[in-house]
Amino acid sequence: MTLQPSLPEIPQEESPLQTGVLPSQVLRRLIDKRGIFADSAAEQPGEDQIQPASLDLRLGATAHRVRASFLPGPGKSVREKLDRLTMHEVSLEDHAVLEKDCVYMVELLERLDLPREYYGIANPKSSIGRLDIFTRLITDGATEFDQIRSGYTGPLYAEISPLAFSVVARKGIPLNQLRLKRGNPVYGLEALRKLHQTLREDDSGIEDTYRRGFPITVATKTENGSKDCVIGYRAKKHAPLLNLSLIDHYQPSDYWEPVHGSADGELILNPGDFYILASKEPVTVPPDHAAEMVAYDTLVGELRVHYAGFFDPGFGDPDRGGAGTRAVLEVRSHEVPFVVEDGQIVGRLIYERLAAVPDKLYGRDIGSSYQRQGLALSKHFKRG
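Owing to the predicted nature of the structure, the values given are computational and were not obtained by experimental measurement. (Residues numbered from 1 in each chain as written. Predicted model: local features only at pLDDT ≥ 70, side-chain atom pairs only at ≥ 80, totals over all residues. Heavy atoms only, no water.)

1. Some points on the pattern of salt bridges
Next up, step 1: This structure, assessed with the given rule, holds 19 salt bridges.
Next up, step 2: A salt bridge links Asp101 to Lys100, with the shortest nitrogen-to-oxygen separation between them at 2.9 Å.
Next up, step 3: Residue class for Lys100 comes out partly exposed when judged on its relative accessible area of 32%.
Next up, step 4: Of the charged contacts in the structure, one is a salt bridge between Lys181 and Glu352, with a shortest N-O distance of 3.0 Å. In this pair, Lys181 is assigned in strand 12 (residues 174-182) and Glu352 in strand 24 (residues 345-353), connecting sequence segments 171 residues apart.
Next up, step 5: Judged by relative accessible area, Lys181 falls into the buried class, the value being 10%.
Next up, step 6: Given the relative accessible area of 22%, Glu352 is considered partly exposed.
Next up, step 7: It is possible to trace a salt-bridge network through shared partners that takes in Arg28, Glu47, Asp359 and Lys360. (Salt bridge = Lys/Arg side-chain N within 4 Å of Asp/Glu carboxyl O. Buried < 20%, exposed > 50% of the residue type's maximum accessible area, 1.4 Å probe, protein only. Helix = DSSP H or I, 4+ residues; strand = E, 2+ residues; numbered from the N terminus.)

2. So, helix 2 (residues 78-85)
Next up, step 1: Among the residues of helix 2, Val78, Lys81, Leu82 and Leu85 are the ones counted as buried. Projection of helix 2 onto a plane perpendicular to its axis shows the buried side chains occupying an angular sector of 105°, all on one side. With respect to the buried face of helix 2, the exposed residues turned more than 90 degrees away are Asp83 and Arg84.
Next up, step 2: Packed against the buried residues of helix 2 are strand 3 (55-66), strand 4 (86-91), strand 6 (103-113), strand 8 (133-139) and strand 10 (153-162). (Arc of directions from axis to C-beta. Contact = heavy atoms within 4.5 Å.)

3. Some details on the sheet that holds strand 15 (residues 242-243)
Next up, step 1: Read from one edge of the open sheet, 3 strands run 5-11-15, paired in mixed fashion. Of all strands in the sheet, those bounded by a partner on one side alone are strand 5 (96-98) and strand 15.
Next up, step 2: In terms of strand pairing, strand 11 (residues 167-169) meets strand 15 through 2 bridges, oriented parallel. Its bridge partner being in strand 15, Val167 is matched across the sheet by Leu242. (Pairing = 2+ DSSP bridges.)

4. Let's talk about the packing of aromatic side chains
Next up, step 1: Within this structure, the stated rule accounts for 9 aromatic pairs.
Next up, step 2: Ring geometry for Tyr255 against Phe381: centres 5.4 Å apart, planes inclined by 70°, an arrangement best described as edge-to-face. Of this pair, Tyr255 sits in the loop between strand 15 and strand 16 (256-260) while Phe381 is found in the segment after strand 24, placing the two residues 126 residues apart along the sequence. In this structure, Tyr255 and Phe381 share a single accessibility class: buried.
Next up, step 3: Each ring, one from Trp256 and one from Phe381, has its centre 6.2 Å from the other, and the planes form 75°; the classification is edge-to-face. Within this pair, whereas Trp256 is found in strand 16, its partner Phe381 is found in the segment after strand 24, the two being separated by 125 residues in sequence. For the residue pair Trp256 and Phe381, the accessibility class agrees, reading buried in each case.
Next up, step 4: One aromatic cluster is present, formed by Phe165, Tyr250, Tyr255, Trp256, Phe274 and Phe381 through successive ring pairs.
Next up, step 5: The ring of Phe145 carries Arg136 above its face, with NZ or CZ at 3.5 Å from the centroid.
Next up, step 6: Here the guanidinium or amino end of Arg179 rests over the ring plane of Phe310, the centre of that ring lying 4.1 Å away. (Phe/Tyr/Trp six-rings, centres within 6.5 Å; stacked < 30°, edge-to-face > 60°. Lys NZ or Arg CZ within 6 Å of the ring centre and 35° of its normal.)

5. Points about the side chain of Glu110
Next up, step 1: For Glu110, the location among the structural elements is in strand 6.
Next up, step 2: Looking at Glu110, the relative accessible area reads 0%, which means it is buried.
Next up, step 3: At a separation of 3.0 Å, a polar atom in the side chain of Glu110 contacts the side chain of Gln49.
Next up, step 4: For Glu110, the residues in contact, after removing those within four places along its chain, are Ile36, Phe37, Pro45, Gln49, Asp56, Leu57, Arg58 and Leu156. (Polar contact = N/O pair within 3.5 Å; in protein donor to acceptor, adjacent residues only side chain to side chain.)

6. Some points on the confidence of the model for the protein
Next up, step 1: When the pLDDT values of the protein are averaged, the result is 85; 78% of them are 70 or greater.
Next up, step 2: Counted against residues more than four places away or in other chains, residues 1-5, with its pLDDT under 50, gives 13 contacts.
Next up, step 3: Contacts from residues 11-16, a stretch scored under 50 in pLDDT, to residues over four places away or in other chains number 7 contacts. (pLDDT = per-residue confidence, 0-100.)

7. Observations concerning the nonpolar core
Next up, step 1: If you look at the biggest cluster of nonpolar residues, it comprises 51 residues, and the most contacted ones within it are Leu244 and Trp256.
Next up, step 2: In this structure, Phe311, Ala327, Leu349 and Tyr351 belong to the second largest nonpolar core, which totals 25 residues. (Core = buried A, V, L, I, M, F, W, Y, C linked by side-chain atoms within 4.5 Å.)

8. What about the sheet that holds strand 24?
Next up, step 1: Spatial ordering of the open sheet is given by 13-24-19-21, a layout of 4 strands whose pairing is antiparallel. Bordering the open sheet on either side are strand 13 (214-217) and strand 21 (310-311), each of which pairs with just one other strand.
Next up, step 2: Relative to strand 24, strand 13 is paired through 4 bridges, and the arrangement is antiparallel. By the bridge assignment, Phe214 is partnered in strand 24 with Leu349.

9. Notes on the pairing of strand 8
Next up, step 1: Of all 7 residues that make up strand 8, 7 are buried, and the element is covered over most of its length.
Next up, step 2: Summarising the sheet, strand 8 and strand 10 pair through 7 bridges and their orientation is antiparallel. Counted as the bridge partner of Thr139 is Leu156 from strand 10.

10. Regarding the environment of Phe381
Next up, step 1: Looking at Phe381, the relative accessible area reads 1%, which means it is buried.
Next up, step 2: Considering only alpha carbons, one finds Phe381 and Leu242, 139 residues apart in sequence, at a separation of 10.0 Å.
Next up, step 3: In this view, Phe381 contacts Leu131, Leu242, Asp248, His249, Tyr250, Gln251, Pro252, Tyr255 and Trp256; residues no more than four positions away in its chain are not counted.

11. Observations concerning unusual backbone geometry
Next up, step 1: In this structure, Asp132 takes a positive phi of about 60° despite not being glycine.
Next up, step 2: With respect to the element layout, Asp132 can be found in the loop between helix 3 (126-129) and strand 8.
Next up, step 3: Its relative accessible area of 0% is what places Asp132 among the buried residues.
Next up, step 4: Phi is positive for Asp146, close to 65°, though the residue is something other than glycine.

What follows is the structure, given as structure tokens:
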């Protein structure tokens, strides 16, 4: 019988809250108590994986090329499905190619043995979303992607489908990240109003914000009507292989073509093409909050926005070198061409309280890649 780890305590002096997103120091304690662990003693989660409000999850040794995406369903394991759907296996011990438009399943090095009060959600890492690598977390018995049910005990798997470029991956690379929560903290209207006032200049739209999150709009209009202004990038077809281990290495022009704005701010998205755009407004996440972008909202159009949705505490914080930071939007239109205009709402940002202020914050001190970003490609590409 598996014994659940004792609940890592959140010291009262750090915060009176006992509900919310778990900060870095609680994730560290959970690792120490083997609530998060690896089978091999030499591969236990390390400090470099612990982010301010999430944990990077590393690829295991084998990628299963499967015929189709799937969810195991109640009472069934991912392994049972893999036995039926695997076409062939690819070793990731060194380096291996994950082909564009193929679906792979990889068991991760991390396993969970959560206290029953803890549950979680997963998302691709920012750099992975910006490469259009569709990555989702799956657990045994899952009926939804990217969801960790309360008290889950068992393995974790990543479904991986490169959509823009074929990529080279290896064991140990993190493609997605896990955010754990305790309880169900609910904002009252007054508390949300105070948060709104710290993040936005006016009180307009507060009722809508309360129901659906802070609206995020897209920037597509050029200054002074200049047609030379780059407002985004579109992924090229048939680009070279991209090795996920190489940072600041690739020439952007080999993989991306610039998207120029227009004086009227209209941009037509081609169906099936992948775009990197930027938000019109800067985003700031206070140190005692975490945020997540709602990836897809049929109320704003037939498009998916922001595959990698986590924003850590301290993102865009002036005290952390941010001064308000624009969100990079990964955009793909579905089925039909779709027009977006400057200032159009394309997503919603949901803020959640942390159970305690983390002992590390997003920014220069921990080597965060995108604290002062404007329109930025992933860290794999040369800048300037």
